[in-house]
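Understanding the architecture of this molecule
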Amino acid sequence: MKSVDEFVKENCEGPKTLAGELACYQELNTKIEDVLSKKKVYDALINDKQNSNKTNKLSFKEQWDLYRIIDNLIKKSSGEYTYLGIDLLNLKNRLENVFSIALNYAKINEELRSLRESKRRIPQNITFDIFYNNYFNERCMDRHFFVRLDDELKCMCCGATTKDYPLSKEELDFLTFCAESQGILLKEVTKYDLPLLQVLMAKQNYYRNLRNSLNSVDDEDYLEQAENQWLSEQAEISDLRRAVRKAHLLDSKIYDSEDIKVTNPKYLSEEQAKELLNEVENEYEKLQKSNSRFKDLMLEECKTARYEILILSGAHIPTLLNQAQDEEDKVALTKAYYNISSQEFRINSNYFSSIDQAIFYDCLTANKEINNRILQMKLTVK
């Protein structure tokens, strides 16, 4: 087994062991919880509207508002510390003596800020550069793509896993926190989502390879291209996280999330869908009477087109899979989903009235069976 202390940077200022870093992290969490409990008392006083204006004395909220105004003026005074001829520092000291409760609240907020900043610095002492597997993947040269499973932290590119280290659950949770803080954790991904993640990463690999093939070392714009490529690669983890979240929302039929925009999958009207389905059905009936040697292939294409139309008319993809009557239907649905989830296919199809509508249409599912089928079919992911 490998040493867990390999995760700690040799030049870090803190403890040189993983146990030491974990102890610091846990101590900070305890202190933060203690300060938060104290702050909660003052927060309750600020929010107590019933006793705000019942006396001629200033309420705590009013004291705190005055203190913040003066403190803000001091911070913006560029070293003069005066405002309308008033000595702000003297006035602040006077307020701290008269309104000691406001001073205590200010100290609590500053202590909380300092503790949180110390906690944010801890992940800088942890490195995942030593985290590797025998399988090399160039995407891991700059950073890993971690997912947290039940009992391991695993890179989805190179396959490196914390199972190679004798980690306790607390240490594993701590490394997960550090990976998240360093922006290399796909925290939305569960074990169920792994097939979806593999499909999404295959798409990224396709476009990454395409960019590399188009970029020429002799090109005068090489530096600009290199910068754009770096920015694209830095956004890969964020893009993956966003896609997985969208898939979850679409599978849950949630189309009005506040923090992430999801396009309602119902693009075709009932009339449009009915017309297109009739066309497909008529074509299917004609093909059944055909003697063409491509008959089976064309019948499959008709079934696929039928599912494309159903998806665009807002049908729930996991429900369509449950309703599929046989293997042929499941194959057709998988291909239809694969097609509609491809931006290039949508743009080149005749389903959308504009390129923008084709580009921004969301078609994703985290359904494990469908994504596994895509991987098994070895479709060219674009």
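Here, the structure is the one placed above.
Heads up: these notes are all about the structure in this document. Because the structure is a prediction, the values reported are computed rather than measured.

1. Quick notes on the overall build of the chain
- Check the secondary structure of the chain and you find 15 helices and 4 strands.
- In terms of overall size, the chain is more extended than a compact globule, its C-alpha atoms giving a radius of gyration of 29 Å where 382 residues would be expected to give roughly 21 Å.
- Here the C-alpha coordinates of the chain stretch approximately 95 × 60 × 50 Å along the principal axes.
- Relative to its 382 residues, the chain shows a buried fraction of 40%.
- Pairs at least 24 residues apart make up 68% of the contacts formed inside the chain by residues separated by at least 6 positions.
- For the chain, the computed accessible surface area is about 23100 Å², with 48% contributed by carbon and sulfur atoms.
- Positive and negative charge centroids in the chain, built from 54 and 64 side chains respectively, lie 5 Å apart.

2. Some remarks on the side chain of T127
- Mapped onto the secondary structure, T127 falls in the loop between α4 (100-121) and β3 (146-148).
- Residue classification places T127 among the buried positions, given a relative accessible area of 12%.
- Within the local environment of T127, its side chain forms a polar contact with the backbone nitrogen of D129, the two atoms lying 3.0 Å apart.
- Excluding residues that lie within four positions of it along the chain, T127 makes contacts with E6, F7, V8 and K9.

3. Thoughts on helix α15 (residues 368-377)
- Within the sequence span of α15, burial applies to I370, N371, R373 and I374. In a view along the axis of α15, the buried residues occupy a sector of 155°, so they form one face of it.

4. What to know about the pattern of salt bridges
- In the structure shown here, the tally under the stated rule is 25 salt bridges.
- When the shortest N-O distance is used, the salt bridge between R241 and E188 registers 2.8 Å. With R241 in helix α8 (residues 236-251) and E188 in the loop between α5 (169-181) and α6 (194-214), this residue pair connects regions lying 53 residues apart in the sequence.
- Residue R241 is classed as partly exposed on the basis of its relative accessible area of 27%.
- Here E188 falls in the buried class, since its relative accessible area comes to 16%.
- One salt-bridge network, held together by shared partners, links E327, K330, E369 and R373.

5. Some thoughts on the packing of aromatic side chains
- With the rule as written, the count across this model stands at 17 aromatic pairs.
- Between W64 and Y105, the ring centres sit 4.6 Å apart and the planes meet at 70°, which makes this aromatic pair edge-to-face. With W64 in helix α2 (residues 60-75) and Y105 in helix α4, this pair connects stretches of sequence that are 41 residues apart.
- Relative accessible area serves as the criterion here: at 12%, W64 is assigned to the buried category.
- For Y105, a relative accessible area of 4% puts it in the buried group.
- A ring pair is formed by Y267 and F352, whose centres lie 4.6 Å apart and whose planes are at 40°; its orientation type is tilted. One end of the pair, Y267, is in the loop between α8 and α9 (270-288); the other, F352, is in the loop between α13 (343-348) and α14 (355-359), with 85 residues separating them in the sequence.
- When its relative accessible area of 24% is taken as the criterion, Y267 is described as partly exposed.
- Connected via pairs of aromatic rings, a cluster forms that spans F7, F128, F131, F146 and Y165.

Rules used in this analysis
Residues numbered from 1 in each chain as written. Predicted model: local features only at pLDDT ≥ 70, side-chain atom pairs only at ≥ 80, totals over all residues. Heavy atoms only, no water. Helix = DSSP H or I, 4+ residues; strand = E, 2+ residues; numbered from the N terminus. Rg over C-alpha atoms; globule rule 2.2 N^0.38 Å. Buried < 20%, exposed > 50% of the residue type's maximum accessible area, 1.4 Å probe, protein only. Contact = heavy atoms within 4.5 Å. Areas by Shrake-Rupley, 256 points an atom, 1.4 Å probe, with all protein chains shown as cover. Lys, Arg positive; Asp, Glu negative; His and termini not counted. Charge placed at Lys NZ, Arg CZ, Asp CG, Glu CD. Polar contact = N/O pair within 3.5 Å; in protein donor to acceptor, adjacent residues only side chain to side chain. Arc of directions from axis to C-beta. Salt bridge = Lys/Arg side-chain N within 4 Å of Asp/Glu carboxyl O. Phe/Tyr/Trp six-rings, centres within 6.5 Å; stacked < 30°, edge-to-face > 60°.

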